[in-house]
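Spelled out from the first residue to the last, the chains are:
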Amino acid sequence: MRIDAIPFSYDFALKHSALVLIDMQRDFMEAGGFGETLGNDVSLLQAIVPATRKALLAWRRAGGLVVHTREAHAADLSDCPAAKRNRGNPALRIGDVGPMGRILVAGEPGNQIIEALAPVAGEIVIDKPGKGAFYATGLHELLQRRGITHLLFGGVTTEVCVQTSMREANDRGYDSLLLEDCTESYFPAFKAATLEMVRAQGGIVGWTATSTALLAALDSTA
Ligand code: TIU
């Protein structure tokens, strides 16, 4: 399959590819979660939900592998460095009780993926303690076992967990594409800058494309 992408077309085989949706969790998307405790206007992120859902449903229909990640810490916070918990003097720290349960803790209501993008049976869900999806998760080994070489990314936030994950993927040899309208930041300028830096220098980190271009590629082989 071929996606009309920047800086040039992105060729991939569905059976060697995965759609990776990063941290589409209530903690980042809704008021009262981790994102808001850091001082952000979380309402900005809602804009990408319809396009991301459409891309997810089309990818599922085509039979592609789906990986969902969640930024999540163990209940005893043994996997949360003090530096991360204390940085920036947030209103509520990781592990504190907020309106959606304990902030950024696995299993709490706020830590769940939003309903519109909820995983279904057979999809992979990775809990990650860091910003990158590969750090301390076993994701690389899991993808290698399945013969995955191409990763199509969406999720939040563009310049934090998404970009970190794409850079980790790039160094591990994956060809990565970022779906422009399926990723969002609390800072529009940072999203724009991330799209530019991913695809600059001949795709130094990877490719970017719209979800419309992905849908067209999937449709062309349906
Ligand atoms: N703060 C922020 O923009 N993002 C994060 O802390 N995590 C993710 O991006 N998922």
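Structure: see above.
Draft legend 1. The arrangement of the packing of aromatic side chains in detail. Applying the stated criterion across every chain yields a total of seven aromatic pairs. With a centroid separation of 5.6 Å and an interplanar angle of 85 degrees, the aromatic rings of Phe-8 and Trp-207 are classed as edge-to-face. Here Phe-8 is found in the loop between strand 1 (2–3) and strand 2 (10–11), whereas its partner Trp-207 is found in strand 10 (residues 207–209), with 199 residues between them in sequence. With a relative accessible area of 42%, Phe-8 lands in the partly exposed category. On the basis of relative accessible area, Trp-207 is assigned to the buried category, the value being 13%.

Draft legend 2. Geometry of the nonpolar core. The biggest cluster of nonpolar side chains holds 43 residues, and the ones touching the most others in it are Ile-3, Tyr-10, Trp-59, Leu-152, Leu-177 and Leu-214. Counting only elements with at least two residues in this core, the list comes to strand 3 (17–22), helix 1 (26–29), helix 3 (49–62), strand 8 (150–156), strand 9 (175–184), strand 10 and helix 8 (211–220). At six residues, the largest contribution of residues to this core is made by helix 3. Aside from chain neighbours lying at most four places away, what touches Tyr-10 is Met-1, Arg-2, Ile-3, Ala-5, His-150, Leu-151, Leu-152, Asp-175, Ser-176, Leu-177 and Trp-207. Counting 24 residues, the second-largest nonpolar core is a separate cluster that includes Ile-126, Leu-142, Val-162 and Leu-178.

Draft legend 3. Here's a closer look at the environment of Gly-132. Within the secondary structure, Gly-132 sits in the loop between strand 7 (124–128) and helix 5 (139–145). Sequence separation between Gly-132 and Asn-170 is 38 residues; the distance between their C-alpha atoms is 12 Å. Excluding residues that lie within four positions of it along the chain, Gly-132 makes contacts with Thr-164, Ser-165 and Glu-168.

Draft legend 4. Structural context of the site of the ligand. Residues in close proximity to the ligand include Asp-23, Phe-28, Phe-34, Leu-38, Glu-71, Lys-131, Val-156, Thr-157, Val-160, Cys-161 and Tyr-186, which together make up its full environment. A distance of 2.8 Å separates an oxygen atom of the ligand from a polar atom in the side chain of Lys-131. Protein burial of the ligand: of its 280 Å² of free accessible surface, 93% is covered by the chains. For the shell around the ligand, a count of residues per class yields seven nonpolar, one polar and three charged.

Draft legend 5. Examining unusual backbone geometry more closely. Across the junction of Ile-6 and Pro-7, the peptide omega takes the value 10 degrees, indicating a cis bond. With respect to the element layout, Pro-7 can be found in the loop between strand 1 and strand 2. In this structure, the amide linkage connecting Val-156 to the following residue, Thr-157, adopts the cis form with an omega of -15 degrees. Tracing the backbone through its elements, the reader meets Thr-157 in the loop between strand 8 and helix 6 (158–171). Unlike most non-glycine residues, Asn-89 shows phi in positive territory, near 50 degrees. Here Asn-89 is to be found in the loop between helix 4 (82–86) and strand 5 (97–98). For Asn-89, a relative accessible area of 58% puts it in the exposed group. With phi around 60 degrees, Ala-136 is a residue other than glycine that occupies positive phi space. Mapped onto the elements of the fold, Ala-136 is located in the loop between strand 7 and helix 5.

Draft legend 6. View of the sheet that holds strand 8. Strands sit in the order 7-4-3-8-9-10 across an open sheet of six strands; the sheet is parallel. Pairing within the sheet leaves two strands with one partner each, and these edge strands are strand 7 and strand 10. Across the sheet, the axes of successive neighbouring strands diverge by a mean angle of 25 degrees, strand direction being ignored. Across six bridges, the pairing between strand 3 and strand 8 is parallel. When the sheet's bridge partners are listed, Leu-21 is paired in strand 8 with Gly-154.

The rules behind these values
Position numbers for residues count from 1 along each chain, tracking the sequence in the order it is written. The model is predicted, so local features are restricted to residues of pLDDT at least 70 and side-chain atom pairs to those at 80 or more, both for listing and for counting; the totals for chains, interfaces and linings are taken over all residues. With hydrogens and water excluded, all non-hydrogen atoms of the structure serve as input to the side-chain values. Here is the rule: rings of Phe, Tyr and Trp (six-membered ring for Trp) pair when centre to centre is within 6.5 Å. Planes less than 30 degrees apart are stacked, more than 60 are edge-to-face, and the remainder are tilted. Secondary structure elements are taken from DSSP: a helix is a run of H or I of four residues or more, a strand is a run of E of two residues or more, and numbering for both begins at the N terminus. For each residue, the accessible area found with a 1.4 Å probe, counting protein chains only, is set against the maximum for its type, and the residue is called buried under 20%, exposed over 50%, and partly exposed in between. Residues belong to a common nonpolar core when they are buried Ala, Val, Leu, Ile, Met, Phe, Trp, Tyr or Cys residues joined through side-chain atoms within 4.5 Å. Contact definition: two residues touch when any of their heavy atoms are within 4.5 Å. If even one non-hydrogen atom of a residue comes within 4 Å of a molecule or strand, that residue is called near it. Any N or O atom pair separated by 3.5 Å or less is treated as a polar contact, with the protein-specific requirement of one donor-capable and one acceptor-capable atom, and with residues adjacent in sequence counted only for side-chain atom pairs. Throughout, the Shrake-Rupley method with a 1.4 Å probe supplies accessible areas, and for residues the shown protein chains are the sole cover considered. Residue polarity is assigned by list, with Asp, Glu, Lys and Arg as charged and Ala, Val, Leu, Ile, Met, Phe, Trp, Tyr, Cys and Pro as nonpolar; anything else, Gly included, falls into the polar class. A strand pair is defined by DSSP finding two or more bridges across the two strands. Inter-axis angles, ranging from 0 to 180 degrees, are taken between N-to-C directions of lines fitted to C-alpha atoms, where helices are fitted over the stretch in contact.

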